[in-house]
Amino acid sequence: MAAAFSIPLWADLLAVGIGGVQGALFAAQFRDRRLDLLGVAIVGIATGFGGGVLRDILLSTDIAPLHSNWYLVVATGAALLGMLLERIFVRVNVGITLLDALTIGLFCAIGTTKALAFGLPEIPAAFVGVLAAVGGSILRDLLLNLPIALMHVGSLYAVAAAAGSLTLVGLVSAGVDVYVAASVCVALTFGVRVLAVLFKWSLPEQRALSRLPRIRPRPRR
Amino acid sequence: MAAAFSIPLWADLLAVGIGGVQGALFAAQFRDRRLDLLGVAIVGIATGFGGGVLRDILLSTDIAPLHSNWYLVVATGAALLGMLLERIFVRVNVGITLLDALTIGLFCAIGTTKALAFGLPEIPAAFVGVLAAVGGSILRDLLLNLPIALMHVGSLYAVAAAAGSLTLVGLVSAGVDVYVAASVCVALTFGVRVLAVLFKWSLPEQRALSRLPRIRPRPRR
Amino acid sequence: MAAAFSIPLWADLLAVGIGGVQGALFAAQFRDRRLDLLGVAIVGIATGFGGGVLRDILLSTDIAPLHSNWYLVVATGAALLGMLLERIFVRVNVGITLLDALTIGLFCAIGTTKALAFGLPEIPAAFVGVLAAVGGSILRDLLLNLPIALMHVGSLYAVAAAAGSLTLVGLVSAGVDVYVAASVCVALTFGVRVLAVLFKWSLPEQRALSRLPRIRPRPRR
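The structure displayed is predicted, hence computed values, not measured ones. (Residues numbered from 1 in each chain as written. Chains lettered and ligands numbered in written order. Predicted model: local features only at pLDDT ≥ 70, side-chain atom pairs only at ≥ 80, totals over all residues. Heavy atoms only, no water.)

Q: Please clarify how the overall build of chain A should be interpreted in this entry.
A: Looking only at helices and strands, chain A features eight helices and zero strands. Secondary structure elements of chain A occur, N-terminal to C-terminal, as α-α-α-α-α-α-α-α. If you line up chain A on its principal axes, its C-alpha atoms span 70 × 50 × 30 Å. About 9700 Å² of surface is accessible on chain A, with carbon and sulfur atoms providing 66% of the total. Placing the 17 positive and 11 negative side-chain charges of chain A at their respective mean positions leaves the two points 20 Å apart. (Helix = DSSP H or I, 4+ residues; strand = E, 2+ residues; numbered from the N terminus. Areas by Shrake-Rupley, 256 points an atom, 1.4 Å probe, with all protein chains shown as cover. Lys, Arg positive; Asp, Glu negative; His and termini not counted. Charge placed at Lys NZ, Arg CZ, Asp CG, Glu CD.)

Q: Is there a simple way to think about helix α6 (residues 122-143) of chain C in this case?
A: Spacing of three or four residues puts side chains on the same side of an α-helix, whose turn is 3.6 residues. All names here are of chain C. For α6, with 22 residues, the first-to-last C-alpha span of 31 Å sits near the 32 Å given by 1.5 Å per residue. Counting buried positions along α6 gives 18 out of 22 residues, so the element sits mostly inside the fold. Residue N145 follows α6 closely and has a positive phi angle near 55°. (Expected span 1.5 Å × (residues − 1). Buried < 20%, exposed > 50% of the residue type's maximum accessible area, 1.4 Å probe, protein only.)

Q: Even after reading the chapter, I still don't get the relation of the copies chain C and chain A, so can you show me in this structure?
A: The second copy of the chain is related to the first by a rotation about an axis and a shift along the axis. Overlaying chain C on chain A yields an RMSD of 0.0 Å, the required transformation being a rotation through 120° with an accompanying axial translation of 0.0 Å. Accordingly, the operation relating the two chain copies is best matched by a three-fold axis. (Least-squares fit on C-alpha atoms with pLDDT ≥ 70 in both.)

Q: Explain empty space enclosed by the protein here, please?
A: To locate leftover empty space, one rolls a probe as large as a water molecule over the atoms. In total, this model carries one cavity of 30 Å³ or more according to the counting rule given. Of the volumes computed, that of the largest cavity is approximately 80 Å³. For the largest cavity, the full set of lining residues is A:D141, A:L142, A:N145, A:L146, B:L142, B:N145, B:L146, B:I148, C:D141, C:L142, C:N145 and C:L146. Mapped onto the lining of the largest cavity, the elements with two or more residues apiece are α6 (122-143) of chain A together with α6 of chain C. Of the residues contributing to the lining of the largest cavity, the split by class is seven nonpolar, three polar and two charged. (1 Å grid on protein atoms, 1.4 Å probe; cavity = no way out; pocket = protein on both sides within 12 Å on 5 of 7 lines; lining within 4 Å. Points joined across faces, edges and corners; volume = space filled by probe spheres on them. Nonpolar A, V, L, I, M, F, W, Y, C, P; charged D, E, K, R; others polar.)

Q: Sorry if this is basic, but what is going on with unusual backbone geometry here?
A: Most peptide bonds take the trans configuration, and most residues that are not glycine carry a negative phi. Residues and elements named next belong to chain A. Of note, N145 is a non-glycine position whose phi angle comes to about 55°, a positive value. Here N145 lies in the loop between α6 and α7 (158-173). N145 sits in the buried class, given a relative accessible area of 17%.

Q: Would you mind going over the interface of chain C and chain A with me for this structure?
A: Reports of interface size often rely on the accessible area that becomes lost once the parts have come together. At the interface, 32 residues of chain C touch 37 residues of chain A. Note on chain C versus chain A: buried area summed over both sides is about 3100 Å², and carbon and sulfur give 64% of it. Connecting chain C to chain A are zero salt bridges. At the surface where chain C touches chain A, the tally comes to nine residue pairs in polar contact (both at pLDDT 80 or more). Secondary structure elements with two or more residues in the side of chain C that touches chain A: α2 (37-58) and α6 of chain C. The leading source of residues in the side of chain C that touches chain A is α6(C), at seven residues. When the residues that make up the side of chain C that touches chain A are grouped by side-chain class, the tally is 23 nonpolar, five polar and four charged. (Contact = heavy atoms within 4.5 Å. Buried area = accessible area lost by both parts, 1.4 Å probe. Salt bridge = Lys/Arg side-chain N within 4 Å of Asp/Glu carboxyl O. Polar contact = N/O pair within 3.5 Å; in protein donor to acceptor, adjacent residues only side chain to side chain.)

Q: How should the interface of chain B and chain C be read in this particular structure?
A: The interface of chain B with chain C comprises 32 residues on the first partner and 37 residues on the second. Carbon and sulfur atoms make up 64% of the surface buried where chain B meets chain C, a total of about 3100 Å² over both sides. On the surface where chain B and chain C come into contact, there are zero salt bridges. Looking at the side of chain B that touches chain C residue by residue, the classes come out as 23 nonpolar, five polar and four charged.

These figures capture arrangement, not role.
Structure, rendered in structure tokens:
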């Protein structure tokens, strides 16, 4: 069984903090909705470690971010800071996009390897990894009563994580060391995400095959 | 303690696949929302085995659909197939409605007996069974940011499952064999659901008693 | 380790019943949405013990309200009674607001001490307590596809619970007996909530610091 890939607490908290700041910046678009300070904090908490909570619920194990005082403090603090210093953070937006791409890569690798360590088969393990990476943004949209962003046409976010996590489980199945596989996962997720933002890659919209069902085409009138 | 009623993996996967197809057909109504392929897959996954995930979370046990590679593959594949072949599936709509009624009956019986096997009392066990049957559609509506269909006036869906699961726990309490009780549950859920669609049965809308509070009626003017 | 503060079953069920009635009264505002009887029951169940379910999911333990037949019966019955007798309950609205303030205090104290008993650190324990108190209203709003009320400017609800639960963990850390600390928590939550309703206290809306980023102020024209 693979060991879980883990990162030092400070790196995990940095990732949670980036999530918190991003949640607050996202919430700032909805000034007309009269969110109060608590609402901003809730969005920050959900975005910061909602993915980790979903991951641990699906693994039926202790919710890791609730077993340290730091996660809630960092996520709430980052959200309020993000709200107050919105103008500064918007200026360093490129840096935040890069850090965020790194964050989803890290969450994805941690989630996938943790799921493998809990004995999940390859595909569910990759699924849990993707949900760990993007679950925060799903929870954020649910709480703000918005359409779930990642289900709609837009730049690749969950797809980047899926590329990373499927590669990870493939490499681990092939006998590659879990730390190497996790590093490839982080790099691949980061790369796909950044390239998707740069080149505005997106998935095609839903559409049905329009020709298939007609066995004999109707004559044109 | 009752044993859990279980069905072969292929039957379970068939049910998940029907859920996936239905999720995609449902999503196809919302073309203007610009769902992408991933969005369709997520709706399919949620509709296909969201109920099983909720059931296992409420039972504080391992999430069964995440312990096999097949569920995710079948739900995602069925959703994409449902999207592409929408015109074919729409033509066989009667067949899908019948299979769906069978599916909620099966999920209901599996959920209720699993809850009984985990030691839940009768009423919560029936509740878990209903949620296992209809949880996928609740999750689907949450993710699509729609009002939850089954809370609104419409043909009986959860009520069919509730009739089945309450009958099941009643029969098991009366000492009937769990396989017999589960079969009655499936048949009853199927029957109520199909008859409700045929005859457009629905529950009454919410309304308050308008007369009750007046002890002495006001004289008419 | 602190023992969990617990209350007799009848008091817990009374609190669940108050939640159920409130859920139904809340749902009654949305007559135009065509909620049916099942919808009202679901809102009642979610409002009545949704907080307890979320609490136990976050603690990775058995869902307590599903281990007795009474919770579902009381929550459903209370919701339907609340729907039918809306006119009576609206007249005793002051009494319901007071009972509700007591209810969130009790749920908060029970949730916080249960989390401490499960070994959670102080801040996550307080967080779980707050979620136990207000989770029902979050779930209600999610299911009704409404903006989550407590994230928006309005009278203090979650803040009252947070004041109570943080005081509770502070007192327990300082060596105060858990029953004394829990009683202070209930009283404080109740007090803050009632005063907030009376004096229309609210949290400030989200806003960014507008001056901070300019190191040198632009000269006025």
